[in-house]
Amino acid sequence: ACAGDVGGFKGAVALETDTFRDTWSVLERKLEGVDPSRTNVMIYCTGGIRCVKVGAYLKRRLGFERVTRLQGGIVSYVRLT
């Protein structure tokens, strides 16, 4: 299951990738023109593991400074609410 199948948040922008390796090019395309020093990015995925990798990519590769993630992913969030 992907995070969108489990739940989502208002205003969230889904990457709509078929595989995890597609994530990087889609992120770069969707964030083109966005100022990484002034933009807050909150990421979530199904179980949280992919978010760790995506968060690191956003910070190290794309220069985003304000990156947070939903720890444990949408599955943990749904269980707690």
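Preceding block: the structure.
Residues numbered from 1 in each chain as written. Predicted model: local features only at pLDDT ≥ 70, side-chain atom pairs only at ≥ 80, totals over all residues. Heavy atoms only, no water.

Novice: Please provide a residue-by-residue account of the pairing of strand S2 (residues 66–69), values included.
Specialist: With four bridges connecting them, strand S1 (residues 40–43) and S2 associate as parallel partners. Looking at S2, one finds that Ile43 is bridged to Arg69. (Pairing = 2+ DSSP bridges. Helix = DSSP H or I, 4+ residues; strand = E, 2+ residues; numbered from the N terminus.)

Novice: An account of a nonpolar patch on the surface is needed here, citing residue identities and associated values.
Specialist: Together, Phe9, Tyr77 and Val78 make up an exposed nonpolar region whose accessible area comes to about 240 Å². Mapped onto the elements, Phe9 comes out in the loop between helix H1 (3–6) and helix H2 (23–30). (Patch = residues over 30% accessible without salt bridge, like charges linked within 9 Å, V, L, I, M, F, W, Y side chains within 5 Å. Areas by Shrake-Rupley, 256 points an atom, 1.4 Å probe, with all protein chains shown as cover. Salt bridge = Lys/Arg side-chain N within 4 Å of Asp/Glu carboxyl O.)

Novice: An account of the nonpolar core is requested, with residue identities and associated values reported.
Specialist: In this structure, Leu27, Val41, Ile43, Cys45, Cys51, Val54, Tyr57, Leu58, Phe64 and Val67 together form the largest nonpolar core, which totals 10 residues. Counting residues per element, the ones that place at least two in this core are S1 and helix H3 (49–61). The biggest single contributor to this core is H3, with four residues. Leave out the neighbours within four places in its chain, and Cys51 touches Ile43, Tyr44, Cys45 and Arg69. (Core = buried A, V, L, I, M, F, W, Y, C linked by side-chain atoms within 4.5 Å. Buried < 20%, exposed > 50% of the residue type's maximum accessible area, 1.4 Å probe, protein only. Contact = heavy atoms within 4.5 Å.)

Novice: Would you mind going over the packing of aromatic side chains in detail, with residue names and values included?
Specialist: Applying the stated criterion to the full structure yields four aromatic pairs. Between Phe20 and Trp24, the aromatic rings sit 5.2 Å apart at their centres with planes inclined by 75 degrees, giving edge-to-face as the arrangement. Taking relative accessible area as the criterion, Trp24 reaches 24% and is therefore assigned partly exposed. Between Trp24 and Tyr57, the aromatic rings sit 4.5 Å apart at their centres with planes inclined by 40 degrees, giving tilted as the arrangement. With Trp24 in helix H2 and Tyr57 in helix H3, this residue pair connects regions lying 33 residues apart in the sequence. Taken together, the aromatic side chains of Phe9, Tyr44 and Tyr77 make up a single cluster linked through ring pairs. (Phe/Tyr/Trp six-rings, centres within 6.5 Å; stacked < 30°, edge-to-face > 60°.)

Don't take any of this as a statement about function, it's just geometry.
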